[in-house]
Amino acid sequence: MLRNYTIRKAEDTDIPDLIRLLTILFSIENDFEANALKQRGGLEMMLNDSTNRCILVAAMNNKIIGMVTCQMLVSTAEGGPVALIEDMIVDAEHRGKGLGKQLISSIEEWAAEKGASRLQLLADKNNTPSLDFYKKIRWDYTQLICLRKKL
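The structure contained in this document is the topic of the report that follows. Just so we're clear, the structure is a prediction, and the values are computed from it rather than from any experiment. (Residues numbered from 1 in each chain as written. Predicted model: local features only at pLDDT ≥ 70, side-chain atom pairs only at ≥ 80, totals over all residues. Heavy atoms only, no water.)

### A closer look at the sheet that holds strand β3 (residues 63-75)
Thought 1: Spatially, five strands are ordered β1-β2-β3-β4-β5 in an open sheet, and the strand pairing comes out mixed. Looking at the sheet topology across the chains shown, the edges are occupied by β1 (6-9) and β5 (119-121). Taken pair by pair, the neighbouring strands of this sheet meet at an average axis angle of 30°, ignoring direction.
Thought 2: Judged from the eight bridges that link them, strand β2 (residues 53-60) and β3 form a sheet pairing that is antiparallel. Looking across to β3, one finds that Ile55 is bridged to Thr69.
Thought 3: Set on the sheet, helix α2 (residues 36-47) makes contact with β2 and β3; between it and β2 the angle comes to about 105°. (Pairing = 2+ DSSP bridges. Helix = DSSP H or I, 4+ residues; strand = E, 2+ residues; numbered from the N terminus. Axes fitted to C-alpha atoms, helices over the stretch in contact; angles between N-to-C directions. Contact = heavy atoms within 4.5 Å.)

Here it is as structure tokens:
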């Protein structure tokens, strides 16, 4: 169990480390590709709207070793706010030590404070370690599939 880390809200100065983590994440996910300029723009948008968006980081010895991002949405099915986890990644050498679970727990708390009645996320169907992680922390599979169309 990893104990000498802190979880906090991300700051503008964290963006280079967040881009590094997103590059790792997007190398795992076949539907996305790393593009530092695009990732910087998205991260800046998220950091500029702390009402509806949140980036939490796990830091150890002044180094960012994990991150999770979340955004508020409105669900007609739920009749109110829900939250979408967009990105979740922990550096490989720190996985399996409880850090990911703590990041998810912390973002769950943020979403609950915002009034969310449900959290949801997308995970690459071929990323077995990720799917096993979410199953272990009691996330449920749905009957939904994700579709997309680029504009």
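### Some remarks on the nonpolar core
Thought 1: Judged by nonpolar contacts, the single largest core of 23 residues is most densely connected at Val68, Ile85, Met88, Leu103, Ile104, Ile107 and Trp110.
Thought 2: Residue assignment for this core shows that the elements contributing at least two residues are β2, β3, β4 (80-90) and α3 (99-113).
Thought 3: Per-element accounting of this core gives the leading share, six residues, to α3.
Thought 4: Contacts of Ile104, omitting those with residues within four sequence positions, involve Val68, Ile85, Met88, Phe133, Tyr134, Ile137 and Trp139.
Thought 5: Formed by 16 residues, the second largest nonpolar core is a distinct cluster that contains Ala10, Leu25, Phe26 and Ile55. (Core = buried A, V, L, I, M, F, W, Y, C linked by side-chain atoms within 4.5 Å. Buried < 20%, exposed > 50% of the residue type's maximum accessible area, 1.4 Å probe, protein only.)

### Quick look at the environment of Asn30
Thought 1: With respect to the helices and strands, Asn30 occurs in the loop between α1 (15-28) and α2.
Thought 2: When the C-alpha positions of Asn30 and Asn126 are compared, they lie 9.0 Å apart, and in sequence the two are 96 residues distant.
Thought 3: Not counting residues within four places of it along the chain, the set of residues in contact with Asn30 comprises Asp124 and Asn126.

### Some remarks on the layout of surface pockets
Thought 1: Here the largest pocket defines a volume of roughly 1900 Å³.
Thought 2: If you trace the largest pocket, you find 43 residues lining it, with Phe32, Leu121, Leu122, Ala123 and Cys146 closest to the centre.
Thought 3: Listed by contribution, the elements that provide at least two residues to the lining of the largest pocket are α1, α2, β4, β5 and α4 (128-136).
Thought 4: Looking at which element gives the most residues to the lining of the largest pocket, the answer is α2, with six residues.
Thought 5: Its residues assigned to classes, the lining of the largest pocket shows 20 nonpolar, eight polar and 15 charged.
Thought 6: Estimated volume of the second largest pocket: approximately 600 Å³. (1 Å grid on protein atoms, 1.4 Å probe; cavity = no way out; pocket = protein on both sides within 12 Å on 5 of 7 lines; lining within 4 Å. Points joined across faces, edges and corners; volume = space filled by probe spheres on them. Nonpolar A, V, L, I, M, F, W, Y, C, P; charged D, E, K, R; others polar.)

### Structural notes on α2
Thought 1: With 12 residues, α2 ought to run about 16 Å at 1.5 Å a step, and its terminal C-alpha atoms sit 16 Å apart, in line with that.
Thought 2: Among the residues of α2, those classed as buried are Gln39, Leu43 and Met46. Buried residues in α2, looked at end-on, bunch into an arc of 60°, giving them a common side. Exposed side of α2, more than 90 degrees from the buried face: Leu37, Lys38 and Met45 are the residues found there.
Thought 3: Where the residues of α2 are buried, they touch α1, β2 and β3. (Expected span 1.5 Å × (residues − 1). Arc of directions from axis to C-beta.)

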